[in-house]
Amino acid sequence: MTIIAIDGPAASGKGTLAKLIARHWGLPCLDTGLLYRAVARDVSARGFRLTDAWAALALARALDPRTLDDPSLRSQAAGEGASIVAGMPEVRAALLDYQRAFAAQPGGAVLDGRDIGTVVCPGADAKIYVTARPQVRAWRRFVERQAQSEAATFDAVLADIQRRDARDAGRESAPMRAAPDADLLETSELDIEAAFEAAVGLIKRKIGR
Ligand code: CDP
């Protein structure tokens, strides 16, 4: 069984990398950001405020993982909402069992998020913390949003990313950070193929194949 943890800040490319890594080793992949995005979606859809911890907890407990492929979860608003509910320790606790059960599948799994290497799977066989300069990450996200015809200026995307990073790194419960035994992968100067090759090299050194 091989568990691979990929963490990193907003728009660092960890999601794309995690999918490529999962395909390379034939493992299932969970984008854990979708869980928080879906809780935020469900809180708003039922007319509650995103800061309503009681509603967020109830809806985190009731979350149906079959609703995670909803394209609306990719929007900027869902990311912002996710970061608000993700600051609530009870919400994080309610989502933990699902993530750990996913990781414990026969054969293992790849999970990407903010706290996989530190909290969800501290015993993961390989851990990568993916970073890139904020301007680079904002540019990648800006191009992505334009392709989806979601109107946004580069400055607004950058501000969103910086606000979310500060909130995710500053919260008390499972703050975003690299595990002490994680390999850092700085991708500012790498395209996705080069980042993938570097990640494969780091993981091979840890799992031996
Ligand atoms: O794709 P992007 O990096 O913009 O965001 P995401 O990975 O979908 O995560 C959205 C938000 O969910 C983050 O800003 C975090 O607040 C939260 N999150 C978290 O707290 N823990 C995780 N394991 C994954 C996401």
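Residues numbered from 1 in each chain as written. Predicted model: local features only at pLDDT ≥ 70, side-chain atom pairs only at ≥ 80, totals over all residues. Heavy atoms only, no water.

**Overview of the side chain of Ser173**
Phase 1: One can find Ser173 in the loop between α8 (154-170) and β5 (183-186).
Phase 2: Those residues within four positions of Ser173 in sequence are excluded, and the remaining contacts are Pro89 and Arg92. (Helix = DSSP H or I, 4+ residues; strand = E, 2+ residues; numbered from the N terminus. Contact = heavy atoms within 4.5 Å.)

**Digging into the packing of helix α1 (residues 14-25) against helix α9 (residues 192-207)**
Packed helix pairs are specified by the crossing angle of their axes together with the interaxial distance, meaning the distance between the axes.
Phase 1: Packing of α1 against α9 leaves a shortest axis separation of 10 Å and a crossing angle of 55°. Put simply, α1 runs oblique to α9. As α1 packs across α9, the resulting crossing turns out to be right-handed. On α9, the residues touching Thr16, Leu17, Leu20, Ile21, His24 and Trp25 of α1 are Ile192, Ala195, Phe196, Ala199, Val200, Ile203, Lys204 and Ile207. (Axes fitted to C-alpha atoms, helices over the stretch in contact; angles between N-to-C directions. Parallel < 35°, antiparallel > 145°, perpendicular 65-115°, else oblique. Left-handed = near helix turned anticlockwise from the far one by under 90°.)

**Some thoughts on helix α4 (residues 76-85)**
Phase 1: Summarising burial for α4: seven of the 10 residues are buried, a large majority.
Phase 2: Looking at the packing, one finds that the buried side of α4 touches α2 (33-45), α3 (53-61), α5 (89-103) and α8. (Buried < 20%, exposed > 50% of the residue type's maximum accessible area, 1.4 Å probe, protein only.)

**Here we look at the state of the cysteines**
Phase 1: For the structure on display, the rule yields zero disulfides.
Phase 2: There is no disulfide at Cys29, and the cysteine sulfur nearest it, in Cys121, is 12 Å away.
Phase 3: With relative accessibility at 29%, the residue Cys29 sits in the partly exposed group.
Phase 4: A residue is classified by how much of its surface remains accessible, and Cys121, at 6% relative accessible area, is buried. (Disulfide = S-S within 2.5 Å.)

**Let's talk about the pattern of salt bridges**
Phase 1: Under the criterion given, the structure shown has 17 salt bridges.
Phase 2: Between Asp70 and Arg41 there is a salt bridge, with the nearest N and O atoms lying 2.9 Å from each other. With Asp70 in the loop between α3 and α4 and Arg41 in helix α2, this residue pair connects regions lying 29 residues apart in the sequence.
Phase 3: Its relative accessible area of 24% is what places Asp70 among the partly exposed residues.
Phase 4: Among the ionic pairs, Arg163 bridges to Asp160, the shortest N-O distance being 3.5 Å. Taken together, the positions of Arg163 and Asp160, both in helix α8 and three residues apart, correspond to about one turn of that helix.
Phase 5: Overall, Asp160 belongs to the buried group, its relative accessible area being 4%.
Phase 6: Salt bridges sharing partners connect three or more residues here, namely Glu80, Asp160, Arg163, Arg164 and Arg167. (Salt bridge = Lys/Arg side-chain N within 4 Å of Asp/Glu carboxyl O.)

**Points about empty space enclosed by the protein**
Phase 1: According to the stated counting rule, one finds one cavity of 30 Å³ or more in the structure shown.
Phase 2: At the level of secondary structure, the elements contributing two or more residues to the lining of the largest cavity comprise β1 (2-7) and β4 (126-131).
Phase 3: With three residues, the top contributor of residues to the lining of the largest cavity is β4. (1 Å grid on protein atoms, 1.4 Å probe; cavity = no way out; pocket = protein on both sides within 12 Å on 5 of 7 lines; lining within 4 Å. Points joined across faces, edges and corners; volume = space filled by probe spheres on them.)

**Some details on the sheet that holds β4**
Phase 1: Strand order in the open sheet formed by five strands is β2-β3-β1-β4-β5, with parallel pairing between adjacent strands. Strands with a single pairing partner mark the edges of an open sheet, and in this sheet they are β2 (29-31) and β5. Along the sheet, successive strands turn relative to each other by an average axial angle of 20°, direction set aside.
Phase 2: When β1 meets strand β3 (residues 108-113), the two strands line up parallel, connected through six bridges. (Pairing = 2+ DSSP bridges.)

**Re the site of the ligand**
Phase 1: Residues in contact with the ligand amount to 18 residues; listed here are only the nearest, Lys14, Arg37, Arg141, Arg164 and Asp168.
Phase 2: Contact distances for the ligand include 2.9 Å between a nitrogen atom and a side-chain N or O atom of Thr32.
Phase 3: At 2.7 Å, a side-chain N or O of Arg141 approaches an oxygen atom of the ligand.
Phase 4: Surface burial for the ligand is 96%, taken as the share of its 530 Å² of free accessible area covered by protein chains.
Phase 5: Judged by its atoms lying within 2 Å of the grid points, the ligand is housed in the largest pocket.
Phase 6: Counting residues per element, the ones that place at least two in the shell around the ligand are α2, α4 and α8.
Phase 7: Top element by residues in the shell around the ligand is α2. It accounts for three residues.
Phase 8: By residue class, the composition of the shell around the ligand is five nonpolar, four polar and nine charged. (Near = heavy atom within 4 Å. Polar contact = N/O pair within 3.5 Å; in protein donor to acceptor, adjacent residues only side chain to side chain. Areas by Shrake-Rupley, 256 points an atom, 1.4 Å probe, with all protein chains shown as cover. Sits in = over half its atoms within 2 Å of the grid points. Nonpolar A, V, L, I, M, F, W, Y, C, P; charged D, E, K, R; others polar.)

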